[in-house]
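These are the residues of each chain, in order.
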Amino acid sequence: ISFGSLQAYEVTNEAGASVKVSLYGATIYSYSDSNGRERLFLSDKAVTDGSKPIRGGVPLVFPKFGDGQGKYPELPSHGFARRSLWTFQGESKTGEASESAFLNPDGTVTFF
């Protein structure tokens, strides 16, 4: 699927609940319950062209919170992960449970 001009991925379980994840930043930008009701905040000001992190949803913040202070002053605010392009690697479903794997820019795998 697409989210603005960004590539995204959607997982829906057997009960009808769904989650949508942008491959830019691996940000969960939507979660709808089995009644179709949206449960996450996404700002009207969210930019969906990859020029900056998505405003709202559940961002992947790594390796730090905050601006250029502290242990990693050379990194951008809230780290590099939410500004990286991830790739979808696969999905596994067991009953109502679902797990999706995304390849990190450094070649490691993260599961949601």
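Details of the structure are given in the entry above.
None of these values were measured; they are calculated from a predicted model. (Residues numbered from 1 in each chain as written. Predicted model: local features only at pLDDT ≥ 70, side-chain atom pairs only at ≥ 80, totals over all residues. Heavy atoms only, no water.)

Participant: I'd love a proper account of the overall build of the protein chain, names of residues and values included.
Facilitator: A count of helices and strands for the protein chain gives 0 helices and 7 strands. Listing every helix and strand of the protein chain by position from the N terminus yields β-β-β-β-β-β-β. Burial statistics for the protein chain: of 112 residues in total, 30% are counted as buried. Across the protein chain, the fraction of contacts at a sequence separation of at least 24, relative to all contacts at a separation of at least 6, is 32%. In the form shown here, the protein chain has an accessible surface area of approximately 6700 Å², with 51% of it arising from carbon and sulfur atoms. (Helix = DSSP H or I, 4+ residues; strand = E, 2+ residues; numbered from the N terminus. Buried < 20%, exposed > 50% of the residue type's maximum accessible area, 1.4 Å probe, protein only. Contact = heavy atoms within 4.5 Å. Areas by Shrake-Rupley, 256 points an atom, 1.4 Å probe, with all protein chains shown as cover.)

Participant: Could you give an account of the pairing of strand 3 (residues 18–22), with specific residues and numbers?
Facilitator: Two faces make up the sheet, and in a regular strand the side chains alternate between them. Pairing analysis gives 5 bridges linking strand 2 (residues 6–12) to strand 3, with the strands arranged antiparallel. Looking at strand 3, one finds that Tyr 9 is bridged to Val 21. Hairpin connection of strand 2 to strand 3: 5 residues between the antiparallel strands, including Gly 16 at a positive phi of 100 degrees. Pairing geometry for strand 3 and strand 4 (residues 27–32), over 5 bridges, is antiparallel. Looking at strand 4, one finds that Ser 22 is bridged to Thr 27. Counting the residues in the hairpin turn of strand 3 and strand 4 gives 4 residues, including Gly 25, whose phi is positive at 80 degrees. (Pairing = 2+ DSSP bridges.)

Participant: Lay out the environment of Phe 62 with the relevant residues and their values.
Facilitator: Within the secondary structure layout, Phe 62 lies in the loop between strand 4 and strand 5 (87–94). On a C-alpha basis, the gap between Phe 62 and Ala 81 in space is 5.5 Å, while along the polypeptide they are 19 residues apart. Residue contacts for Phe 62: discarding those within four places in its chain leaves His 78, Gly 79, Phe 80 and Ala 81.

Participant: Any chance you could break down the sheet that holds strand 4 for me, citing the residues and the numbers?
Facilitator: Judged by pairing direction, the sheet is antiparallel, and its 4 strands sit side by side in the order 1-2-3-4 without closing on themselves. Sheet topology places strand 1 (2–3) and strand 4 at the edges, where each strand pairs with a single neighbour. Pairing analysis gives 2 bridges linking strand 1 to strand 2, with the strands arranged antiparallel. Paired with Phe 3 across the two strands is Leu 6, which belongs to strand 2.

Participant: A description of the pattern of salt bridges should follow, citing residues and the corresponding values.
Facilitator: Here the idea is simple: oppositely charged side chains can pair when their charged atoms come close. Per the stated rule, a full pass over the model turns up 1 salt bridge. Note that Asp 33 and Arg 39 form a salt bridge whose closest N and O atoms lie 3.6 Å from each other. (Salt bridge = Lys/Arg side-chain N within 4 Å of Asp/Glu carboxyl O.)

Participant: Give a detailed account of the nonpolar core, specifying residues and quantitative values.
Facilitator: Among the nonpolar cores identified, the biggest contains 7 residues, and these are Phe 3, Leu 6, Ala 8, Tyr 24, Tyr 29, Ala 46 and Ile 54. Setting aside anything within four residues of it in sequence, one finds Tyr 29 in contact with Ile 1, Ser 2, Phe 3, Ala 8, Lys 20, Val 21, Ser 22, Glu 38, Leu 40, Leu 42 and Gly 57. (Core = buried A, V, L, I, M, F, W, Y, C linked by side-chain atoms within 4.5 Å.)

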